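Here are the chains, one letter per residue:
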Amino acid sequence: MAATSQETQSAATDEETSVLKIWGRKPLSGCIPISGAKNSVLAILAGTLLCPKQCRISNVPSLADIGKMCQILRALGVKIERNGDALEIDASHVGSDRAPYELVSKLRASFFAVGPLLARLGSARMPLPGGCAIGARPVDLHVRGLQALGAEVRIEQGVVCADVKGRSGRLKGAKIYLDYPSVGATETLMMAATLAEGETTIYNAAREPEVVDLASFCGAMGAIIHGAGTNTITIVGVPELHTVDYPIVPDRIEAGTFLVAAAITHSELSIAPVVPDHLTPIIAKLREIGPQVVIDAPDTVRLIPSELRATDIETLPYPGFPTDMQAQFSALLTLAEGNSVITETVFENRLRHVAELSRMGADIRVKGQNAIVRGVHGLSGVPVMATDLRAAAALVIAGLAADGMTIVKGLHHLDRGYDNIEQKLRNVGAHLERVKVPTERVDNLADSAEALV
Ligand code: EPZ
């Protein structure tokens with residue numbers, strides 16, 4: 001598959017590094033196009049392993065994470081071709097049940113493939129993905145659920161080795177209770193159960209829209225799944241699935257990110273296509289902070305800016321406030337009138353953007369799992385370092401509102417989840433550009449920021 005611009009753009013040479021220069025306080029206007037949902041595509045790509053025929057998914061953004069997932073599927077013997085915004089996938093010959101550690105360790109979501117591999121081949125060898133910047137990211141719920149489905153699972157040298165017991169070669173339907181409504185565990189187990197013998201029920205299942213999109217994809221291949229989007233999902237196993245041509249749902253987190261960009265720059269901005277229902281907690285919180293949010297059409301949302309008022313945020317599983325929007329709202333609340341408390345309950349280390357926002361002049365500090373914010377009148381553009389995907393988005397948002405030029409480093413984080421974000425923002429009036437700088441100068445950009453002008 002030819003690498004797309006996004007996958008090559010952030011791949012600067014070793015002696016060069018890409019950084020994003022943002023000249024702040026430019027008002028935005030117009031409509032930003034929203035791409036397909038990264039977290040749907042990653043789960044659905046794993047789901048294509050269930051299908052012994054060719055299938056096609058469309059509205060697929062060009063993201064580094066999706067490129068990595070395609071590499072992992074190819075290593076398993078799957079043929080994948082990108083054709084515009086679609087991926088043509090042929091998993092008719094899955095030649096291997098084991099994914100390479102060096103790829104899985106770079107993309108945690110690839111672990112979800114353990115379920116489809118096990119269901120399709122009767123065995124799977126999936127390296128433990130390990131932790132990442134935001135947390136330890138254990139997979140115990142995935143493993144326990146697969147064991148409930150009749151798999152023998154052991155961990156050998158950091159690899160999850162799963163085999164279907166019994167001569168039938170098929171998993172057995174079961175009742176599974178998740179201690180936590182894990183998105184990934186719900187997706188892994190739902191996919192595994194589609195080809196199991198009998199009925200499976202997943203209690204305390206995740207309700208995220210990406211889980212529903214995956215269930216719709218599997219259903220379009222002939223799987224029998226009821227209750228996706230509620231906390232109890234029932235799957236009746238079938239012997240085989242068939243081909244499908246499936247469009248990916250719009251990305252609610254990309255959409256929310258741009259709504260926050262509009263609010264922080266006091267811009268009237270539309271976003272489309274979106275599914276407004278998927279944005280309910282985001283829209284509710286924006287309205288609490290002050291802006292009006294109008295649904296102009298079934299797939300179009302518009303923000304009308306206002307002064308910003310402080311509020312509190314607590315991240316929770318869907319339909320609670322999404323953890324993937326916490327960093328972006330933290331940036332917004334640094335400029336709101338009053339004091340805000342932001343509590344991150346989903347991941348144990350997802351407040352690392354606070355230190356970088358403080359560098360920009362925000363009055364924000366971490367206390368345990370809380371970020372305590374006192375609104376200030378303005379932020380200053382300085383060089384900042386992204387520590388994870390959504391922290392990178394938060395720094396871009398802060399840069400759009402800051403006085404002067406912000407330089408965002410660590411763009412490989414941003415490119416994991418945003419398809420050409422600088423072009424989308426430039427098209428509505430933002431002033432920003434991606435430049436390559438000699439790597440040895442990246443760490444002392446503060447002294448030579450003007451050199452980048
Ligand atoms: C998915 O990650 C998303 N990634 C994340 O998006 C998102 O933040 C997260 O769901 C929560 O909504 C993809 O879909 C590819 P979880 P996932 O399992 O499935 C604990 C982004 O920015 N847990 O719901 O890994 C876990 O430690 C990314 O786009 C266990 O304890 O999230 C965490 O504290 C970041 N044992 C909590 O559950 C397990 O076996 C939620 O994790 C699994 C999870």
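Residues numbered from 1 in each chain as written. Predicted model: local features only at pLDDT ≥ 70, side-chain atom pairs only at ≥ 80, totals over all residues. Heavy atoms only, no water.

Draft legend 1. Spotlight on the sheet that holds strand β7 (residues 151-156). Here 3 strands make up an open sheet; going across it, the order is β6-β8-β7 and the pairing antiparallel. Looking along the sheet, the strands with just one partner apiece sit at the ends: β6 (123-127) and β7. For this sheet, the mean angle separating the axes of adjacent strands, direction not counted, is 15 degrees. One ladder, built from 6 bridges, connects β7 with strand β8 (residues 159-164); its direction is antiparallel. Residue pairing for β8: Val153 is matched across the bridge by Ala162. Most of the contacts of helix α5 (residues 114-121) go to β6, to which it runs at about 160 degrees, and overall it touches β6, β7 and β8. (Pairing = 2+ DSSP bridges. Helix = DSSP H or I, 4+ residues; strand = E, 2+ residues; numbered from the N terminus. Axes fitted to C-alpha atoms, helices over the stretch in contact; angles between N-to-C directions. Contact = heavy atoms within 4.5 Å.)

Draft legend 2. Looking closely at the site of the ligand. Near the ligand lie 25 residues; those nearest to it are Asp140, Leu141, Ser182, Asp324 and Val346. The contact in question runs from an oxygen atom of the ligand to an N or O atom on the side chain of Arg108, over 2.9 Å. Arg350 has a polar side-chain atom sitting 3.1 Å from an oxygen atom of the ligand. Notes on the ligand: free accessible area 830 Å², of which the protein chains cover 89%. Mapped onto the shell around the ligand, the elements with two or more residues apiece are α2 (38-47), α6 (140-148), α7 (183-193) and α13 (389-401). By residue class, the composition of the shell around the ligand is 12 nonpolar, 5 polar and 8 charged. (Near = heavy atom within 4 Å. Polar contact = N/O pair within 3.5 Å; in protein donor to acceptor, adjacent residues only side chain to side chain. Areas by Shrake-Rupley, 256 points an atom, 1.4 Å probe, with all protein chains shown as cover. Nonpolar A, V, L, I, M, F, W, Y, C, P; charged D, E, K, R; others polar.)

Draft legend 3. Just the packing of aromatic side chains, in detail. Applying the stated rule across the entire model yields 2 aromatic pairs. Measuring from ring centre to ring centre gives 5.6 Å for Phe217 and Tyr246, while their planes differ by 80 degrees; the resulting arrangement is edge-to-face. Taken together, the positions of Phe217 in helix α8 (residues 209-220) and Tyr246 in strand β13 (residues 245-247) put the pair 29 residues apart, joining distant regions of the chain. The interplanar angle of 90 degrees and the centroid separation of 5.0 Å between the aromatic rings of Phe321 and Phe329 together place this pair among those described as edge-to-face. (Phe/Tyr/Trp six-rings, centres within 6.5 Å; stacked < 30°, edge-to-face > 60°.)

Draft legend 4. Summary view of the environment of Leu241. Note that Leu241 resides in the loop between β12 (232-236) and β13. A C-alpha to C-alpha distance of 56 Å links Leu241 and Gly378, two positions 137 residues apart in sequence. Discounting residues that sit within four places of it in the chain, Leu241 has contacts with Leu50, Pro52, Thr194, Leu195, Met221, Gly222 and Ala223.

Draft legend 5. Region of interest: α7. Counting buried positions over the 11 residues of α7 gives 10, a clear majority of the element. Taken together, the buried positions of α7 are Gly184, Ala185, Thr186, Glu187, Thr188, Leu189, Met190, Met191, Ala192 and Ala193. Here α7 starts with a cap whose side-chain oxygen sits 3.5 Å from the backbone nitrogen of Gly184, and that cap is Ser182. (Buried < 20%, exposed > 50% of the residue type's maximum accessible area, 1.4 Å probe, protein only.)

Draft legend 6. Layout of the nonpolar core. Formed by 81 residues in total, the largest nonpolar core has its most connected members in Leu45 and Ile57. For Ile57, the contacting residues outside a window of four places in its chain are Ile44, Leu45, Asp85, Ala86, Leu87, Ile89, Phe217, Tyr246 and Ile248. Core analysis: the second largest hydrophobic core is formed by 69 residues, Ala255, Phe321, Leu335 and Ala394 among them. (Core = buried A, V, L, I, M, F, W, Y, C linked by side-chain atoms within 4.5 Å.)

Draft legend 7. Layout of the pattern of salt bridges. For the structure shown, the criterion picks out 23 salt bridges. For Arg25, the salt bridge is made with Asp403, and the minimal N-O distance between the two is 3.1 Å. Residue Arg25 is located in the loop between β1 (16-23) and β2 (30-33), and its partner Asp403 is located in the loop between α13 and β22 (405-409); the two are separated by 378 residues in the primary sequence. For Lys285, the salt bridge is made with Glu288, and the minimal N-O distance between the two is 3.0 Å. Of the two residues, Lys285 and Glu288 are both situated in helix α10 (residues 280-289); the distance of 3 residues between them amounts to about one turn of the helix. According to the relative accessible area criterion, Lys285 is buried, its value standing at 14%. Glu288 gets classed as partly exposed once you look at its relative accessible area, which sits at 38%. Each of the salt bridges in this network shares a partner with another, and the network as a whole consists of Lys38, Asp65, Lys68 and Arg416. (Salt bridge = Lys/Arg side-chain N within 4 Å of Asp/Glu carboxyl O.)

By themselves, these are just geometric observations and shouldn't be taken as functional.
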